[in-house]
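Structure at a glance
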Amino acid sequence: MITLYGFGQGFGLPEKSPFVTKTEVQLKMAGLSYRKEKAMPPASPKGQLPYIVDEAESIADSTFIRAHIEGKYGFDFDAPLSLQARAQAWAFERMIEHHVYWAMVGARWVDPENFAKGPAHFFDGAPEHLREKLREDAQFRVAENYLLSGLGRHAPDEDIDLALRSLFALSVQLGDKPYLMGDEPCGTDATAFGALAGILTPFFVSTLRDEAEKFRNLSAYVDRMMLQYYPDFAWTSVRQAA
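Residues numbered from 1 in each chain as written. Predicted model: local features only at pLDDT ≥ 70, side-chain atom pairs only at ≥ 80, totals over all residues. Heavy atoms only, no water.

Observations concerning the pattern of salt bridges
Inclusion rule: Any carboxyl oxygen of Asp or Glu within 4 Å of a side-chain nitrogen of Lys or Arg constitutes a salt bridge here. Runs of H or I in DSSP of at least four residues are treated as helices and runs of E of at least two as strands, each being numbered from the N terminus. Think of it in three bands: residues with accessible area under 20% of the maximum for their type are buried, residues over 50% are exposed, and the middle band is partly exposed, with areas taken using a 1.4 Å probe on protein chains only.
The tally for this structure, following the rule as stated, stands at 19 salt bridges. Measuring nitrogen to oxygen at the nearest pair gives 3.5 Å for the salt bridge that ties Arg135 to Glu132. With a gap of three residues between them, Arg135 and Glu132 both fall in helix α5 (residues 128–149), about one helical turn apart. Arg135 gets classed as buried once you look at its relative accessible area, which sits at 14%. Of the residues examined, Glu132 reaches a relative accessible area of 46% and is grouped as partly exposed. Arg165 serves as the salt-bridge partner of Asp161, at 3.4 Å between the closest nitrogen and oxygen. On the criterion of helical spacing, the pair formed by Asp161 and Arg165 is a turn pair, its members being four residues apart in helix α6 (residues 156–174). Given the relative accessible area of 56%, Arg165 is considered exposed. Here the residues in one salt-bridge network are Lys22, Arg66, Glu70, Asp78, Glu93, Arg94 and Glu97, joined through shared partners.

A closer look at the packing of aromatic side chains
Going by this rule: The rule is short: rings of Phe, Tyr and Trp, with Trp giving its six-membered ring, pair when the centres are within 6.5 Å, and they are stacked under 30 degrees, edge-to-face over 60, tilted in between. Note on criteria: charge over ring means Lys NZ or Arg CZ within 6 Å of the ring centre, with the direction from the centre no more than 35 degrees off the ring normal.
For the structure shown, the criterion picks out 12 aromatic pairs. Put simply, the rings of Phe7, Phe11, Trp109, Phe115, Phe122, Phe203 and Phe204 touch in pairs and so form one group of aromatic residues. Lying across the ring of Trp90, Arg94 places its NZ or CZ 4.4 Å from the centre. One residue, Lys117, lies across the ring of Phe203, its end atom 4.6 Å from the ring centre.

Here's the deal with the nonpolar core
Formally: Residues belong to one nonpolar core when they are buried, are Ala, Val, Leu, Ile, Met, Phe, Trp, Tyr or Cys, and are joined through side-chain atoms within 4.5 Å. Working rule for contacts: check all heavy atoms of both residues, and any pair within 4.5 Å makes them a contact.
Of all hydrophobic cores here, the largest spans 71 residues; its most connected members are Leu167 and Leu170. By residue number, the principal contributor to this core is helix α3 (residues 83–110), which donates 11 residues. Excluding residues that lie within four positions of it along the chain, Leu170 makes contacts with Phe92, Met95, Ile96, Val100, Leu180, Leu196 and Leu218.

Things to note about the layout of surface pockets
This is how the line gets drawn: A cavity here means a set of points on a 1 Å grid, drawn over the protein atoms and nothing else, where a 1.4 Å probe fits but cannot get out; a pocket is an open set with protein on both sides within 12 Å along at least five of seven lines, and a residue lines either one if it has an atom within 4 Å of a point. Grid points are joined across faces, edges and corners, and a volume is the space filled by probe spheres set on the points. All amino acids are sorted into three groups, where Ala, Val, Leu, Ile, Met, Phe, Trp, Tyr, Cys and Pro are nonpolar, Asp, Glu, Lys and Arg are charged, and the leftover types, Gly among them, are polar.
Looking at the largest pocket, its volume works out to about 990 Å³. Lining the largest pocket are 33 residues, and of these Phe7, Pro41, Gln48, Tyr101 and Val142 sit closest to its centre. Going through the elements one at a time, α1 (18–29), α2 (62–73), α3 and α5 are the ones with two or more residues in the lining of the largest pocket. Counted by class, the lining of the largest pocket contains 20 nonpolar, seven polar and six charged residues. Quantified by volume, the second largest pocket comes out at close to 260 Å³.

Thoughts on the pairing of strand β3 (residues 51–54)
Let me state the cut-off plainly: For two strands to be treated as a pair, DSSP must find no fewer than two bridges joining them.
Pairing of strand β1 (residues 2–6) with β3 involves four bridges; the strand directions are antiparallel. If you follow Tyr5 over to β3, its bridge partner there is Tyr51. With four bridges connecting them, β3 and strand β4 (residues 57–60) associate as antiparallel partners. Opposite Ile52, over in β4, you have Ile59 as the bridge partner. Counted between consecutive antiparallel strands, the loop separating β3 from β4 contains two residues, among which Glu55 sits at a positive phi close to 60 degrees.

Comments concerning the pairing of strand β2 (residues 34–38)
Note the following rule: Note on handedness: a clockwise path from strand one over the helix to strand two, with the strands aimed away from the viewer, defines a right-handed crossover.
Pairing analysis gives five bridges linking β1 to β2, with the strands arranged parallel. Directly across from Ile2, in β2, lies its bridge partner Tyr34. A crossover connection joins β1 to the parallel β2 through α1; in handedness this β-α-β unit is right-handed.

Structure, rendered in structure tokens:
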């Protein structure tokens, strides 16, 4: 039995982290049995979530977990894809994880109201005399990484504009297909779903979410993926939230 370590439900999502969501959906895609446990990043071999324990082996980072699944269990997430489509899927995954993701981070962690209602509660279990300092330090570190990502160097309207260019690219790629690369899901769908659901959850109010909702095919895609991979989760779709 594989054990998947993540943050757990929250923020109107079945999993708070888009990277944990990515791995969980890929475990479901591969048809592998797993159990899920809550953890915090310091417990991980790489200081980040997700990580899995498979028998005696610990594997951290969602991309390396995918490689482990493919190598050990012989499951090819991109089996339906041509060589060219595999290359395109990898390029979209890099765009999502190194651009779209950071736009989501800005909306969650840098915006003071969203931080207070969301990520600040990661530290509720800390000793009271340390709690506020831990929150401040974490928000500062994330804001610093947001700056280093490139998006944080721009004015708020400019970073939203850049993020929307990536969302536009995803919308065009998806078109009227059921999945990002065609009629069958591939590994990158797990990545796209995790990031897009993280942006579109009604829990957080942001300009990024408002603008992302205008890409109707992306919203419908998240709804479909949620129903397929988390059928028992009470997801509030964009249509219901409106």
